[in-house]
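Tertiary structure, described
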Amino acid sequence: MKYTKCDLNLYVLKSKLMKIALLALGTRGDIQPYAVLGQALQQRGHQVTLSTAKNFESLVLSYGINFIPVEADFQAILDSDEGKKMMKGNPFAIRRNLHTWIYPLITNSLIEFYKLAKESDLVLFHVKTLADSFADQFPEKMIRASVLPIVEPTTQFANPSFSGLPLPKFLNRLSYTLSNLSIKLLSGPIGKFRTTFDLPKKYKVPQVKNIYGLSPSFLTVPKDFSSQSTFNGFWFGYSSELLPNDLLDFIKNGEAPLLLTFGSMPFKSKFDLQTAIIKLTEQLDTKIIVVKGWGLDQTEKLDNNPKIKVIQSAPYEKLFPLTKAIIHHGGIGTTAECLRAGKPFFICPILHPIGDQQFWGQVGYKKGISIKPIPLSKVTEEKFINSVNELLSNKELYKNALEMKKLIDSENGIEKTIDQIERIHN
């Protein structure tokens, strides 16, 4: 939402303008919601700086907000041979790289985050930054802002980070203990950071406010959450990037296409995905847009097929409404864009059994707006094609997806979040 000069003057009169730090780490799906939130905060007149890994500089600057880089390129780590071994849970690779690779990145990023936080009026941070480890120094200006409910314990659902594990319901609340152990397990690099600023090594993480960029229509707020926790709705932005003419021509020529995107993470499947995509066009008589990613960097079999359009990227808020349905990896950002567009989806989690992607697939399935998720590492070609057939043919999915879109549109998540932030700190 854009604000006029008159709107801005009104906010200046009503509220105190702040110097706001946004701290985030992870992949693009972790960073982009903070950039969207930062842009909206800046349009309200606040001075905003987003600090994250240096490889996201162009992304952050495209939103017109200040940027402070940290040496923590997790995408490069995931794409390396050692990173791939760690992603598979290889204990030797994890141990080998902790002291030489991971720990220094954690210490260095915490140093930069802390320096920015000290000079800011307000700090909104992603849990992956480990900013909890210095929240004791100024708890009154720290807000844990997140699109993942992985920190606060609840009996309503198990920790989404372990959504692929068959945990019984009575362990739901306990499952959050494992996630919250991260600060204790990383006491070495955290201790080194605190020593750098003469902070005591022993400390207690204070209770801080939790603001979630999540839709309460899609995921109900747990009844046992703290009163300091709110689901305000998704943080949606709008890109100035336009869809290219050749892509628009492909979409307009015939029925709306299916779309496949597996995000910015490497992956492997049991079957040849390119061959399966071709079979989808033949057996289900559909066009397909394929968004290339790290796990689908080779598309030579698809490139000259008239029913398939391969693209590097596109603004999802403009592309998704023009498609029929979406196949994706299950990141909450992509899931939210499906809901925003009113399109049903099929999630094939890449991160499994550890990771939140299966969780969002299950939520969508229970809401009747997606078919049952199947991890990409477990799905066969036959199951994949049959699932996509159900996605394209189940009319109830389309009806439910449109109803959810209406609810999502009415929430105005970004505006509610900013209103809450200004009420808290004025």
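Up top is the structure these notes are about.
Just so it is clear, the model here is predicted, and its values are computed rather than measured.

**Some remarks on the nonpolar core**
If you look at the biggest cluster of nonpolar residues, it comprises 71 residues, and the most contacted ones within it are Leu 124, Phe 234, Leu 319 and Trp 360. With 7 residues, the single largest contributor to this core is helix H2 (residues 28-43). The residues touching Trp 360, leaving out its near neighbours within four places in the chain, are Val 147, Leu 148, Pro 149, Leu 214, Phe 218, Leu 219, Gly 330, Ile 332, Thr 335 and Ile 347. Among the nonpolar cores identified, the runner-up in size contains 32 residues, and Phe 271, Ala 276, Ile 278 and Leu 376 belong to it.

**Focus: the packing of aromatic side chains**
Within the structure shown, the criterion is met by 19 aromatic pairs. Between Phe 234 and Phe 236, the ring centres sit 5.6 Å apart and the planes meet at 50°, which makes this aromatic pair tilted. The exposure class of Phe 236 is buried, given its relative accessible area of 15%. Members of the aromatic cluster, joined through ring pairs, are Tyr 114, Phe 134, Phe 138, Phe 193 and Phe 197. Positioned above the aromatic ring of Tyr 203, the side-chain terminus of Arg 194 is 4.1 Å from the ring centre. It is Arg 340 that lies over the ring of Tyr 238; its NZ or CZ is 4.4 Å from the centre.

**Things to note about the sheet that holds strand S7 (residues 229-231)**
Spatial ordering of the open sheet is given by S3-S2-S1-S4-S5-S6-S7, a layout of 7 strands whose pairing is parallel. In the strand order of this sheet, the two ends are held by strand S3 (66-70) and S7, each with one partner. On average, each strand axis in the sheet is inclined to that of its neighbour by 20°, with strand direction left out of account.

**So, unusual backbone geometry**
Between His 352 and Pro 353 the backbone carries a cis peptide bond, its omega angle lying at 10°. By secondary structure assignment, the location of Pro 353 is in the loop between strand S12 (345-347) and helix H14 (357-366). Despite not being glycine, Asp 198 has its phi angle at roughly 55°, a positive value. Turning to its location among the elements, Asp 198 is positioned in the loop between helix H9 (187-196) and strand S6 (209-212).

**Quick word on the pairing of S6**
Sheet topology places strand S5 (residues 142-146) next to S6; 4 bridges connect them, and they run parallel. Looking at S6, one finds that Arg 144 is bridged to Asn 210. Pairing geometry for S6 and S7, over 3 bridges, is parallel. Counterpart to Tyr 212 in the pairing with S7 is Phe 231.

**Brief notes about empty space enclosed by the protein**
Taking a probe equal in size to a water molecule and rolling it over the atoms shows the remaining empty space. Here the structure, examined in full by the defined rule, presents 1 cavity of 30 Å³ or more. In this structure, the largest cavity encloses a volume near 40 Å³. At the level of secondary structure, the elements contributing two or more residues to the lining of the largest cavity comprise S5 and S6. Class assignment of the residues belonging to the lining of the largest cavity gives a composition of 5 nonpolar, 2 polar and 1 charged.

**Regarding helix H17 (residues 413-424)**
Look at H17: 17 Å from first C-alpha to last across 12 residues, which is about the 16 Å you get at 1.5 Å a residue. Taken together, the buried positions of H17 are occupied by Gly 413, Ile 414, Glu 415, Thr 417, Ile 418, Gln 420, Ile 421 and Glu 422.

**Points about the pattern of salt bridges**
Scanning the entire structure with this criterion turns up 16 salt bridges. We note a salt bridge from Lys 115 to Glu 112, for which the minimum N-O separation is 3.4 Å. Placement of both Lys 115 and Glu 112 in helix H6 (residues 91-118) is noted, with a separation of 3 residues, approximately one turn of the helix. In this structure, the salt-bridge partner of Glu 403 is Lys 406, at a minimum N-O distance of 3.6 Å. On the criterion of helical spacing, the pair formed by Glu 403 and Lys 406 is a turn pair, its members being 3 residues apart in helix H16 (residues 395-411). Salt bridges sharing partners connect three or more residues here, namely Arg 44, Asp 419 and Glu 422.

**Observations regarding a nonpolar patch on the surface**
Judged by side-chain polarity, Leu 165, Leu 167 and Ile 354 come together as a nonpolar surface patch covering roughly 220 Å² of accessible area. In this structure, Leu 165 sits in the loop between S5 and helix H7 (175-180).

**Concerning the pairing of strand S8 (residues 258-261)**
Burial along S8 is two-sided: the residues Leu 258 and Leu 260 and Leu 259 and Thr 261 are all buried. In the sheet, S8 pairs with strand S9 (residues 288-291) via 4 bridges, with the strands oriented parallel. Paired with Leu 258 across the bridge in S9 is Ile 288. Once the chain exits S8 it traverses helix H11 (residues 273-283) before rejoining the sheet at S9, and the crossover so formed is right-handed. Two strands pair when backbone bridges link them, and S8 and strand S11 (residues 325-328) are joined in this way by 4 bridges, in the parallel orientation.

Cut-off values and rules
Residues numbered from 1 in each chain as written. Predicted model: local features only at pLDDT ≥ 70, side-chain atom pairs only at ≥ 80, totals over all residues. Heavy atoms only, no water. Core = buried A, V, L, I, M, F, W, Y, C linked by side-chain atoms within 4.5 Å. Buried < 20%, exposed > 50% of the residue type's maximum accessible area, 1.4 Å probe, protein only. Helix = DSSP H or I, 4+ residues; strand = E, 2+ residues; numbered from the N terminus. Contact = heavy atoms within 4.5 Å. Phe/Tyr/Trp six-rings, centres within 6.5 Å; stacked < 30°, edge-to-face > 60°. Lys NZ or Arg CZ within 6 Å of the ring centre and 35° of its normal. Pairing = 2+ DSSP bridges. Axes fitted to C-alpha atoms, helices over the stretch in contact; angles between N-to-C directions. 1 Å grid on protein atoms, 1.4 Å probe; cavity = no way out; pocket = protein on both sides within 12 Å on 5 of 7 lines; lining within 4 Å. Points joined across faces, edges and corners; volume = space filled by probe spheres on them. Nonpolar A, V, L, I, M, F, W, Y, C, P; charged D, E, K, R; others polar. Expected span 1.5 Å × (residues − 1). Salt bridge = Lys/Arg side-chain N within 4 Å of Asp/Glu carboxyl O. Patch = residues over 30% accessible without salt bridge, like charges linked within 9 Å, V, L, I, M, F, W, Y side chains within 5 Å. Areas by Shrake-Rupley, 256 points an atom, 1.4 Å probe, with all protein chains shown as cover. Right-handed = clockwise from strand over helix to strand, strands pointing away.

Coordinates in, geometry out; function isn't part of it.
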